[in-house]
Amino acid sequence: MENNLKQIRNSKNLLQTKVAMDLNITQETISSYETGRVFPSSDMLIKLANYYNTSIDYLLCRTKYNMPIDDIKPNNISDTDFILLNKINSLSTTNKAKVEGYIDGLNDN
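Let me begin by describing the structure that accompanies this report. Bear in mind the structure is a predicted one, so any value in this text is a computation, not a measurement.

What counts and what doesn't
- Residues numbered from 1 in each chain as written.
- Predicted model: local features only at pLDDT ≥ 70, side-chain atom pairs only at ≥ 80, totals over all residues.
- Heavy atoms only, no water.
- Helix = DSSP H or I, 4+ residues; strand = E, 2+ residues; numbered from the N terminus.
- Polar contact = N/O pair within 3.5 Å; in protein donor to acceptor, adjacent residues only side chain to side chain.
- Axes fitted to C-alpha atoms, helices over the stretch in contact; angles between N-to-C directions.
- Left-handed = near helix turned anticlockwise from the far one by under 90°.
- Contact = heavy atoms within 4.5 Å.
- Nonpolar A, V, L, I, M, F, W, Y, C, P; charged D, E, K, R; others polar.
- Parallel < 35°, antiparallel > 145°, perpendicular 65-115°, else oblique.
- Phe/Tyr/Trp six-rings, centres within 6.5 Å; stacked < 30°, edge-to-face > 60°.
- Patch = residues over 30% accessible without salt bridge, like charges linked within 9 Å, V, L, I, M, F, W, Y side chains within 5 Å.
- Areas by Shrake-Rupley, 256 points an atom, 1.4 Å probe, with all protein chains shown as cover.
- Salt bridge = Lys/Arg side-chain N within 4 Å of Asp/Glu carboxyl O.
- Core = buried A, V, L, I, M, F, W, Y, C linked by side-chain atoms within 4.5 Å.
- Buried < 20%, exposed > 50% of the residue type's maximum accessible area, 1.4 Å probe, protein only.
- 1 Å grid on protein atoms, 1.4 Å probe; cavity = no way out; pocket = protein on both sides within 12 Å on 5 of 7 lines; lining within 4 Å.
- Points joined across faces, edges and corners; volume = space filled by probe spheres on them.

### Observations regarding the side chain of Glu 34
Turning to step 1, where the next piece is worked out: Following the sequence through the fold, Glu 34 ends up in helix H3 (residues 27-35).
Turning to step 2, where the next piece is worked out: At 2.5 Å, the side chain of Glu 34 forms a polar contact with the side chain of Arg 9.
Turning to step 3, where the next piece is worked out: A distance of 2.8 Å separates the side chain of Glu 34 from the side chain of Gln 16, its partner in a polar contact.

This is the structure in structure tokens:
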């Protein structure tokens, strides 16, 4: 868990002191979580997941997908397709229409 906590904090360019202030805990507590010396309570796991806009499963290294719980991949889709869908989802409306047109052109129907 500690690797994901530190990684997600760094990916958002946040200092331990900033996270600690925002969560109303000490910087030492954040450091203890990130080094594995202390395990956060279930209430704190929820706060951390909400703060980082990710799932508790990601924080606990139960999934490799760093995303909000509502965006987690369904079981009936491959990892490759899910990644592709997320890339498409992040496009502008105009570019989504271009991708749709391109896909329509590839279909043999």
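### Focus on the packing of helix H2 (residues 16-23) against helix H4 (residues 42-52)
Turning to step 1, where the next piece is worked out: Following both chains from N to C, one finds H2 and H4 inclined at 115°, their axes separated by 11 Å at the closest point. Crossing handedness for the pair H2 and H4: right-handed. Only Met 44, Lys 47, Leu 48, Tyr 51 and Tyr 52 of H4 make contact with H2, whose side of the interface consists of Lys 18, Val 19, Asp 22 and Leu 23.
Turning to step 2, where the next piece is worked out: For the contact of H2 with H4, the class distribution of residues is 6 nonpolar, no polar and 3 charged.

### Side note on the packing of H2 against H3
Turning to step 1, where the next piece is worked out: Interaxial distance between H2 and H3 falls to 8 Å at its minimum, and their mutual angle equals 110°. Comparing their axes, H3 and H2 come out roughly perpendicular. Viewed along their axes, H2 and H3 form a crossing whose handedness is right-handed. Residues Gln 16, Thr 17, Val 19, Ala 20 and Leu 23 of H2 pack against Gln 27, Ile 30, Ser 31 and Glu 34 of H3.
Turning to step 2, where the next piece is worked out: Per-class residue counts for the contact of H2 with H3 are 4 nonpolar, 4 polar and 1 charged.

### Quick notes on the packing of aromatic side chains
Turning to step 1, where the next piece is worked out: Overall, the coordinates contain 1 aromatic pair when judged by the stated rule.
Turning to step 2, where the next piece is worked out: Ring centres 5.2 Å apart and planes at 80° place the aromatic pair Tyr 51 and Tyr 52 in the edge-to-face group.

### Regarding a nonpolar patch on the surface
Turning to step 1, where the next piece is worked out: Judged by side-chain polarity, Tyr 102, Ile 103 and Leu 106 come together as a nonpolar surface patch covering roughly 330 Å² of accessible area.
Turning to step 2, where the next piece is worked out: Mapped onto the secondary structure, Leu 106 falls in helix H7 (residues 93-106).

### Digging into the nonpolar core
Turning to step 1, where the next piece is worked out: By size, the foremost hydrophobic cluster in this structure holds 14 residues, and its most contacted members are Leu 5, Val 19, Leu 23, Ile 30, Tyr 33, Leu 48 and Tyr 52.
Turning to step 2, where the next piece is worked out: Those elements that provide at least two residues to this core are helix H1 (2-11), H2, H3, H4 and helix H5 (56-59).

### Overview of empty space enclosed by the protein
Turning to step 1, where the next piece is worked out: On inspection of all chains with the given rule, the structure shows 1 cavity of 30 Å³ or more.
Turning to step 2, where the next piece is worked out: Volume-wise, the largest cavity comes out at about 30 Å³.
Turning to step 3, where the next piece is worked out: What lines the largest cavity is simply Leu 5, Ile 30, Tyr 33, Glu 34, Leu 48 and Tyr 52.
Turning to step 4, where the next piece is worked out: With 3 residues, the single largest contributor to the lining of the largest cavity is H3.
Turning to step 5, where the next piece is worked out: Of the residues in the lining of the largest cavity, the class split is 5 nonpolar, no polar and 1 charged.

Everything listed is a geometric property; what it means functionally is a separate question.
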